[in-house]
Amino acid sequence: METRQLEYLVAVAEELNFTRAAERVFAAQSTVSAGIRSLERELGVSLFERDPQGVRLTPVGEEMVDAARATLEASERMRSLADPHAGLRGQLRVGIFTNLTTIDLPGILGQFHSRHPLVDLRLGPSPSGSTGLADDVRLGRVDVAFMGLPGQVPGLLHQRLAVSPFVAVLPEAHPLAGAQRVSLAELMTERFIDAREGFGNRVTLDRRLSELGLRRHIATEVSDLGEIPRFVAARLGVAVMPELTVLPVRGAVVRPLVEDVEWVLSAVSRLRPSAAAAALLGLLADHFDADREPAPEPRTQPALTARRRQVEVPVPSDG
């Protein structure tokens, strides 16, 4: 059994497509297919089901993938211990929101690249927002992801980056546009504009509305949180969204809420992140000036969990 075969196994398991997996590991598709078949012969089990509908992991294949990831991570740690000055290398997959125009993500990742030039970056969003990104990290498809869900997702390492209050976004001709503050109850008869189900801002707000015994009608769903104020200005409805995600637009006004509702931006990873993932988490903490608690086990990758803190910095316009 070779490390390269385990890399093929993980790639095919996450892509569920041999062609995309081969592109990801910079190998020919025939090489990846042969490597998987060789691994299956050696283990004496079928790792994948292959049919005209696609590729799927078998039950034993799912268990093998978890073991393969752990083996690859252990191999990486061994190389780092053997030559701590060689620098990080490999691939780092980062889950991002669809619109990050209010944060200098290219600048942050450019700084990461200057420190770790041998690490290749793979960036991508999830169609179901923070919920999908959290699942991607939990399932090993992504190493680090931005997340805007309330609370903590079990089984993930959380690093809190910023906190933002929710505000009302109203058409400038709305009767409440001139109010000092707007209560959520006053808006329940309105048509709402919001992100799709699974996005962290929507999950947070819906949870607070449920606590207050309030129900709303979402008339328009969008896949880009940053576009919501434009739809409000076009009078399709009203919105309630994190203040630091609101992009100013002519025809819409922002008013504070009476209720206290907060959106939390975090970075998440697996409980034992790879060295590259831990390095990015550390860079994000420095960028957002987040507090970090010391790792409970100094011999493993640092547990970079930030304590709650209000941070006056730009944040992603999607969540």
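Note: the structure precedes this text.
Worth saying up front: this structure is predicted, and the values here are computed from it rather than measured. (Residues numbered from 1 in each chain as written. Predicted model: local features only at pLDDT ≥ 70, side-chain atom pairs only at ≥ 80, totals over all residues. Heavy atoms only, no water.)

## Comments concerning unusual backbone geometry
Right, on to step 1. A positive phi angle, close to 50°, is found at Leu16, a residue other than glycine.
Right, on to step 2. The topology assignment puts Leu16 in the loop between helix 1 (3-15) and helix 2 (18-24).
Right, on to step 3. At Arg235, a position not held by glycine, the phi torsion is positive, near 65°.
Right, on to step 4. Topologically, Arg235 is positioned in the loop between helix 8 (228-233) and strand 9 (239-242). (Helix = DSSP H or I, 4+ residues; strand = E, 2+ residues; numbered from the N terminus.)

## Here's the deal with the pattern of salt bridges
Right, on to step 1. For the coordinates displayed, the defined rule picks out 19 salt bridges.
Right, on to step 2. Of the charged contacts in the structure, one is a salt bridge between Glu221 and Arg202, with a shortest N-O distance of 2.8 Å. Here Glu221 is found in strand 8 (residues 217-222), whereas its partner Arg202 is found in helix 7 (residues 200-212), with 19 residues between them in sequence.
Right, on to step 3. Judged by its relative accessible area of 7%, Arg202 is buried.
Right, on to step 4. Salt bridges sharing common partners tie together Glu14, Asp66, Arg69, Arg93, Asp143 and Arg270. (Salt bridge = Lys/Arg side-chain N within 4 Å of Asp/Glu carboxyl O. Buried < 20%, exposed > 50% of the residue type's maximum accessible area, 1.4 Å probe, protein only.)

## Side note on helix 3 (residues 29-43)
Right, on to step 1. Taking 1.5 Å per residue as the helical rise, helix 3 with its 15 residues ought to reach 21 Å, and the 21 Å between its terminal C-alpha atoms agrees with that figure.
Right, on to step 2. Along helix 3, the positions that sit buried rather than exposed are Val32, Ser33, Gly35, Ile36, Leu39 and Glu40. Projected down its long axis, helix 3 carries its buried residues within an arc of 160°, all on one side. Among the exposed residues of helix 3, those pointing more than 90 degrees away from its buried face are Ser30 and Arg41.
Right, on to step 3. Its buried side turned inward, helix 3 meets helix 1, helix 2 and strand 1 (48-51).
Right, on to step 4. Of the residues flanking the end of helix 3, it is Gly44, one or two places downstream, whose phi is positive at about 75°. (Expected span 1.5 Å × (residues − 1). Arc of directions from axis to C-beta. Contact = heavy atoms within 4.5 Å.)

## Some points on the nonpolar core
Right, on to step 1. Core analysis: the biggest nonpolar cluster contains 54 residues, and Leu92 and Leu187 have the highest contact counts within it.
Right, on to step 2. At the level of secondary structure, the elements contributing two or more residues to this core comprise strand 3 (89-95), helix 5 (105-115), helix 6 (129-138), strand 5 (144-147), strand 6 (156-171), helix 7, strand 11 (262-270) and helix 9 (275-288).
Right, on to step 3. Residue contributions to this core peak at 8 residues, all from helix 9.
Right, on to step 4. With residues up to four places along the chain from it excluded, the contact list for Leu92 reads Phe112, Val119, Asp120, Leu121, Arg122, Asp143, Val144, Ala276, Ala277 and Leu280. (Core = buried A, V, L, I, M, F, W, Y, C linked by side-chain atoms within 4.5 Å.)

## As for the environment of Pro256
Right, on to step 1. By the secondary structure assignment, Pro256 is in strand 10 (residues 252-256).
Right, on to step 2. With residues up to four places along the chain from it excluded, the contact list for Pro256 reads Val167, Gln180, Arg181 and Val182.

## What to know about helix 7
Each full turn of the α-helix corresponds to 3.6 residues, which orients residues three or four apart in the same direction.
Right, on to step 1. For helix 7, with 13 residues, the first-to-last C-alpha span of 19 Å sits near the 18 Å given by 1.5 Å per residue.
Right, on to step 2. Three or more residues of helix 7 are buried, namely Gly200, Asn201, Arg202, Thr204, Leu205 and Leu209.
Right, on to step 3. Remark: Gly213 follows helix 7 within two positions and exhibits a positive phi of approximately 75°.

## Things to note about the side chain of Ser266
Right, on to step 1. Within the secondary structure, Ser266 sits in strand 11.
Right, on to step 2. Judged by its relative accessible area of 5%, Ser266 is buried.
Right, on to step 3. Every residue in contact with Ser266, bar those within four places of it in the chain, is listed here: Ala145, Phe146, Met147, Gln159, Arg160 and Leu161.

## Here's the deal with the environment of Arg208
Right, on to step 1. In this structure, Arg208 sits in helix 7.
Right, on to step 2. Considering only alpha carbons, one finds Arg208 and Glu262, 54 residues apart in sequence, at a separation of 9.5 Å.
Right, on to step 3. Not counting chain neighbours up to four residues away, the residues in contact with Arg208 comprise Glu259, Asp260 and Val261.

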